[in-house]
Amino acid sequence: RQSQSEIFDLMKNAMFLIFPSLWYEGMPRTILEAFSVGTPVLASEIGAAREMINPGKTGHFFRVGDAADLADRVKFLISEPELQKKMRIQARYEYETKYTLEKNLAFWKQLQDRVVGKA
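Each value, and the rule that gives it
Residues numbered from 1 in each chain as written. Predicted model: local features only at pLDDT ≥ 70, side-chain atom pairs only at ≥ 80, totals over all residues. Heavy atoms only, no water. Patch = residues over 30% accessible without salt bridge, like charges linked within 9 Å, V, L, I, M, F, W, Y side chains within 5 Å. Areas by Shrake-Rupley, 256 points an atom, 1.4 Å probe, with all protein chains shown as cover. Salt bridge = Lys/Arg side-chain N within 4 Å of Asp/Glu carboxyl O. Buried < 20%, exposed > 50% of the residue type's maximum accessible area, 1.4 Å probe, protein only. Core = buried A, V, L, I, M, F, W, Y, C linked by side-chain atoms within 4.5 Å. Helix = DSSP H or I, 4+ residues; strand = E, 2+ residues; numbered from the N terminus. Contact = heavy atoms within 4.5 Å. Expected span 1.5 Å × (residues − 1). Arc of directions from axis to C-beta. Polar contact = N/O pair within 3.5 Å; in protein donor to acceptor, adjacent residues only side chain to side chain. Axes fitted to C-alpha atoms, helices over the stretch in contact; angles between N-to-C directions. Parallel < 35°, antiparallel > 145°, perpendicular 65-115°, else oblique. 1 Å grid on protein atoms, 1.4 Å probe; cavity = no way out; pocket = protein on both sides within 12 Å on 5 of 7 lines; lining within 4 Å. Points joined across faces, edges and corners; volume = space filled by probe spheres on them. Nonpolar A, V, L, I, M, F, W, Y, C, P; charged D, E, K, R; others polar.

### Notes on a nonpolar patch on the surface
- On the surface, Leu22, Trp23 and Val64 cluster together into a nonpolar patch covering about 360 Å² of accessible area.
- Residue classification places tryptophan 23 among the exposed positions, given a relative accessible area of 66%.

Below, the structure written as structure tokens:
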């Protein structure tokens with residue numbers, strides 16, 4: 001077991017995070033945490049990950065349950081350090097523009113105003 005700060009340190013220093021989910025997850029916290037420290041995500045192409053990850057910008061996908069495809073994508077990303085650097089910047093930018101507390105509060109406030117007829 002690791003503390004949250006230790007996990008974030010490990011994640012921050014990783015080339016990328018592998019997210020091999022087999023489930024249709026709504027808003028995977030793990031992807032948000034990776035983006036928050038500028039770590040791109042290599043995810044199975046399923047659920048909300050398809051909406052959260054921009055291939056070649058904030059990460060990449062592999063076919064669900066396909067270990068060979070995952071291995072090919074890992075080899076590709078390891079062989080592309082410049083792409084990794086660009087994806088790190090874009091992953092952090094994605095977090096800052098979409099997923100911070102301030103962005104979410106503004107979204108919910110705007111939604112609330114529309115619902116009650118103020119906007």
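So much for the structure itself; the text now carries on.
### Some remarks on the nonpolar core
- Formed by 19 residues in total, the largest nonpolar core has its most connected members in Ile31, Phe35, Val41, Ala43 and Ile53.
- Listed by contribution, the elements that provide at least two residues to this core are helix H1 (4-13), strand S1 (17-19), helix H2 (29-36), strand S2 (41-44), helix H3 (49-52) and helix H5 (81-98).
- The dominant element in this core, judged by the number of residues it contributes, is H2, at 4 residues.
- Non-local contacts of valine 41, meaning those with residues more than four positions away in its chain, are made with Leu17, Phe19, Ile31, Ala34, Phe35, Ile53, Thr58, Gly59 and His60.
- Of all hydrophobic cores here, the second largest spans 8 residues; its members include Phe16, Leu70, Val74 and Met87.

### Quick word on helix H4 (residues 67-78)
- Between the first and last C-alpha of H4 there are 16 Å, a value that for 12 residues agrees with the 16 Å anticipated at 1.5 Å per step.
- Those residues of H4 lying buried are Asp69, Leu70, Val74 and Leu77. All buried residues of H4 fall inside an arc of 140 degrees around its axis, so they share one side.
- Elements in contact with the buried residues of H4: S1, S2, strand S3 (59-62) and H5.
- At the N-terminal boundary of H4, the capping side chain belongs to aspartate 66, with an oxygen 3.2 Å from the backbone nitrogen of alanine 68.

### Thoughts on the packing of H4 against H5
- One way to put it is that H4 packs onto H5 with a least axis distance of 7 Å and a crossing angle of 90 degrees. One way to sum up the angle between H4 and H5 is to call them roughly perpendicular. Mapping the contact onto sequence places Phe76, Leu77 and Ile78 in H4 and Pro81, Leu83, Gln84 and Met87 in H5.

### Section: the environment of proline 20
- Structurally, the position occupied by proline 20 is in the loop between S1 and H2.
- Once residues within four sequence positions are removed from consideration, proline 20 is found in contact with Ser44 and Phe62.

### A few points about the layout of surface pockets
- As a volume, the largest pocket reaches approximately 160 Å³.
- Together, Met27, Leu32, Tyr95, Tyr99, Thr100, Leu101 and Asn104 line the largest pocket.
- Residues belonging to the lining of the largest pocket are distributed by class as follows: 5 nonpolar, 2 polar and no charged.

### Things to note about the environment of alanine 48
- With respect to the element layout, alanine 48 can be found in the loop between S2 and H3.
- Relative accessible area serves as the criterion here: at 14%, alanine 48 is assigned to the buried category.
- Residues in contact with alanine 48, not counting those within four places in the same chain, are Glu25, Gly26, Met27 and Pro28.

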